[in-house]
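What the coordinates show
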Amino acid sequence: MKTRTLALVGSLLIGLAAGGCSADDNNDASPSDDTTEITVFAAASLNAAFPEIAEEVFTESHPDVVVRFAFEGSSSLAEKLQSGASADVFASANEANMTKVTDAGLAAEPTKLTTNTLRLIVPAGNPAGVTDLESANAAKFVVCAPQVPCGAASQELAQAEGITLQPVSEEQSVSDVRAKVESGEADAGLVYLTDALLAGDAVDIVDAPGVAAVGTTYMITALSDAPNPELAKAFIDAVMSDAGQEIMAKYGFGETAK
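What you see is a predicted model; the values in this text were computed from it and never measured. (Residues numbered from 1 in each chain as written. Predicted model: local features only at pLDDT ≥ 70, side-chain atom pairs only at ≥ 80, totals over all residues. Heavy atoms only, no water.)

1. Description of the overall build of the chain
- When helices and strands are counted, the chain shows nine helices and 10 strands.
- When the 258 residues of the chain are sorted by exposure, 54% land in the buried category.
- Within the chain, contacts between residues separated by at least 24 positions form 81% of all contacts whose residues are at least 6 apart in sequence. (Helix = DSSP H or I, 4+ residues; strand = E, 2+ residues; numbered from the N terminus. Buried < 20%, exposed > 50% of the residue type's maximum accessible area, 1.4 Å probe, protein only. Contact = heavy atoms within 4.5 Å.)

So this is what it looks like as structure tokens:
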């Protein structure tokens, strides 16, 4: 039996742009009483790579385990854990939000998972003629909110480039920024390389000075009160395995600035 990868539906749950998994592909009924489940809280930018790792790697040794994912901004997930939400694994898109969880005694020492770097994206064809951060500021520009890892990286970029970002909106996840640019609602947005790749032909990447040099480090850990601690460790092992990291790399994780 294949592992069934399900998604927890929430206000910020992200739909996959292409070829990913947002719910059980076979539309199975609810798991039976004897089915074991684990819950993975993960940064929104992991919403394509993690389900594939669950299906292609974790299932090899745990074919009857249901993996439930909640994909949101790392800050939102950290807040939910601090408020008592139950999960087995937490994967944050930066160290700061992971530290909130570990400092609260909710998790053990985390493991460095991977890295990601920023990109400036525009709708296909670049209708607003955006060429750099200054021209992005003059257009309908969207970024992540400062408390979100991609927002913190965006602020780091702005400081490095000596510019003040002037977005028309600040989103709670990088996937929300990507969606606004894909739809043409925004003229430009700062996202991770992985999100730019997921958007495919819907967006163009603008080679703006300094952008690709700024990024973030992802962390992963098992929660101290994980309902299934052994399976939590097994899922992390699957992510960190050679096969798991190959899948991460396929989506653009871990690439250095270009």
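2. Some words on the pairing of strand S6 (residues 141-144)
- In S6, alternate side chains face the same way, and those of Phe 141 and Val 143 on one face and Val 142 and Cys 144 on the other are all buried.
- Sheet topology note: the S6/strand S8 (residues 188-192) ladder contains two bridges and is parallel. Bridge pairing links Val 142 to Gly 189 in S8.
- Where S6 meets strand S7 (residues 169-171), three bridges bridge the pair, whose relative direction is parallel. The residue bridging Val 143 from the neighbouring strand is Glu 170, located in S7. (Pairing = 2+ DSSP bridges.)

3. A few points about unusual backbone geometry
- Notably, Asn 126 is not glycine yet its phi reads approximately 50°, a positive angle.
- Positionally, Asn 126 belongs in the loop between strand S5 (111-123) and helix H4 (133-137).

4. Regarding the side chain of Glu 171
- With respect to the helices, strands and loops of the structure, Glu 171 is situated in strand S7.
- Polar contacts involving the side chain of Glu 171 include one to the side chain of Ser 169, which spans 2.7 Å. (Polar contact = N/O pair within 3.5 Å; in protein donor to acceptor, adjacent residues only side chain to side chain.)

5. Some details on the pattern of salt bridges
- Overall, the coordinates contain eight salt bridges when judged by the stated rule.
- Glu 37 is paired through a salt bridge with Arg 68; the nearest N and O atoms lie 3.0 Å apart. Of this pair, Glu 37 sits in strand S2 (residues 36-43) while Arg 68 sits in strand S3 (residues 65-72), and the two are 31 residues apart along the sequence.
- The exposure class assigned to Glu 37 is partly exposed, which follows from its relative accessible area of 29%. (Salt bridge = Lys/Arg side-chain N within 4 Å of Asp/Glu carboxyl O.)

6. Side note on the state of the cysteines
- Scanning the model with the defined rule gives one disulfide in all.
- The disulfide bridge from Cys 144 ends at Cys 150, spanning 1.7 Å between sulfur atoms. Its S-S torsion of approximately -100° makes the covalent link between Cys 144 and Cys 150 left-handed.
- Classification of Cys 144 by relative accessible area gives buried; the value is 1%. (Disulfide = S-S within 2.5 Å.)

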